[in-house]
Amino acid sequence: MTKKKTGDVILDVNNISLRFGGVKALTDISFNVKEHEIRSIIGPNGAGKSSMLNCINGVYTPQEGSITFRGKKFSHMSSRQVAEMGVARTFQNLALFKGMSVIDNIMTGRNLKIKSNIFMQALRIGPAEREEIRHREFVEGIIDFLEIQAFRKTPVGQLPYGLQKRVDLGRALAMEPQVLLLDEPMAGMNVEEKQDMCRFILDVNEEFGTTIVLIEHDMGVVMDISDRVVVLDYGKKIGDGEPEEVRNNPDVISAYLGTSH
Ligand SMILES: Nc1ncnc2c1ncn2[C@@H]1O[C@H](COP(=O)(O)OP(=O)(O)OP(=O)(O)O)[C@@H](O)[C@H]1O
């Protein structure tokens, strides 16, 4: 297999520590993510993976450390500011509007891009109407890409779980992100749904050049699609490298087998 070409560092996590009262969720974590890379974060339950993602996208503010995005360093940033910088996220527990249609859910991902004010949008006048048409066309493109045309008007709550996860991915893609954070995109899926999701993640990465940071428990998937993997255990980094390197790391093996605790 030819080695994929990745670019410069787009996201640099520097010495992040995060505590909740007495619980050390993350201790002095550093790693970087390169442009166009699929970078996975793995680790046993409670290792700190979601906390790490929450620090990157501004949900949690770490007590120590900083995150540099395209050379711009920040230690406190709101989720909105992070989104405006081109970082989108999907959620472990879906954050969709169950009563709304697929198309309307994906449209919510365009919110940051909508320029006309609420008054103009409500009346659908002039530029607001043209803008809405442009955004809807963009969203239709995502619906085609994710092969969910048949469900465009279906309320999301009526779809099987695997398709709801796909809609969540569509909502994140509607933001046209440079970096996409995926929190367990395949959790709870059957084998076929996992294969589909894998294909979409690879296509997003290859066709749009989107950098992907992935949390996933399925080791087969992680080892198959990741360029590099960072491993956390009890909030500490115990491994970092290409899949083969990580797979053979004795600390990683013992963390997964439970022999180190
Ligand atoms: N909001 C919170 N308040 C208090 N403790 C928290 C909070 N979020 C996470 N923690 C704790 O921080 C540690 C890391 O949790 P986190 O959810 O980041 O791990 P994880 O690797 O994503 O786990 P899982 O694979 O089970 O989703 C755990 O001990 C957890 O209980």
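Note that the structure is predicted; figures quoted are calculated from it, not measured. (Residues numbered from 1 in each chain as written. Predicted model: local features only at pLDDT ≥ 70, side-chain atom pairs only at ≥ 80, totals over all residues.)

A. The site of the ligand, seen in detail. The immediate surroundings of the ligand are formed by F20, V23, A25, G43, N45, G46, A47, G48, K49, S50 and S51. Counting residues per element, the ones that place at least two in the shell around the ligand are β2 (23-34) and α1 (49-56). In terms of residues, the shell around the ligand owes the most to one element, α1, which gives three residues. (Near = placed C-beta within 6 Å. Helix = DSSP H or I, 4+ residues; strand = E, 2+ residues; numbered from the N terminus.)

B. Focus on the sheet that holds strand β10 (residues 236-241). The six strands lie next to each other as β6-β7-β8-β3-β9-β10, forming an open sheet whose pairing is mixed. The sheet is open, and its two borders are formed by β6 (87-90) and β10, each paired with just one other strand. Neighbour-to-neighbour, the strand axes of the sheet open up by a mean angle of 15 degrees, direction not taken into account. Pairing analysis gives four bridges linking strand β3 (residues 38-42) to strand β9 (residues 228-233), with the strands arranged parallel. Bridging from a neighbouring strand, S40 pairs with V229 of β9. Strands in contact with α1 are β3, β6, β7 (179-183), β8 (211-215) and β9; relative to β7, the strand with the most contacts, it is inclined by about 150 degrees. (Pairing = 2+ DSSP bridges. Axes fitted to C-alpha atoms, helices over the stretch in contact; angles between N-to-C directions. Contact = placed C-beta atoms within 7 Å.)

C. Structural view of the sheet that holds strand β1 (residues 9-20). Here four strands make up an open sheet; going across it, the order is β2-β1-β4-β5 and the pairing antiparallel. Every interior strand has two partners, whereas the edge strands, β2 and β5 (72-74), have only one. Strand-to-strand, the axes of this sheet are offset by a mean angle of 20 degrees, without reference to chain direction. Bridging between strand β4 (residues 64-69) and β5 involves three bridges; their strand directions are antiparallel. Of the residues in β5, the one forming a bridge with T68 is K73. Here α1 sits on the sheet and contacts β1, β2 and β4; the angle it forms with β2, its principal contact strand, is near 65 degrees.

D. A look at the domain arrangement of the protein chain. Its domain assignment divides the protein chain into domain 1 (1-86 + 177-261) and domain 2 (97-175). For domain 1 and domain 2, the distance between their C-alpha centres works out to 27 Å. Of all the secondary-structure elements, those providing two or more residues to the side of domain 1 that touches domain 2 are α2 (79-84) and α7 (191-207). (Domains from an automatic or database assignment.)

E. A look at the environment of M189. Mapped onto the fold, M189 is located in the loop between β7 and α7. Along the chain, M189 and S254 lie 65 residues apart, while their C-alpha atoms are 27 Å from each other. Setting aside residues up to four positions removed in sequence, M189 forms contacts with G162, K165, K194 and M197.

F. Structural detail: the environment of S78. Position of S78 relative to the elements: it lies in the loop between β5 and α2. Since 12 C-beta atoms lie within 10 Å of it, S78 is described here as exposed. As a C-alpha pair, S78 and T68 span ten residues in sequence and 14 Å in three-dimensional space. (Buried ≥ 20, exposed ≤ 12 C-beta atoms within 10 Å, placed from the backbone.)

G. Representation of unusual backbone geometry within the structure. Phi at H36 takes a positive value of approximately 70 degrees, unusual for a residue other than glycine. Take H36: it is sitting in the loop between β2 and β3. Note on H36: 19 C-beta atoms within 10 Å, which makes it partly exposed. You will see that Y234, though not glycine, has its phi angle at about 45 degrees, which is positive. Among the secondary structure elements, Y234 is positioned in the loop between β9 and β10.

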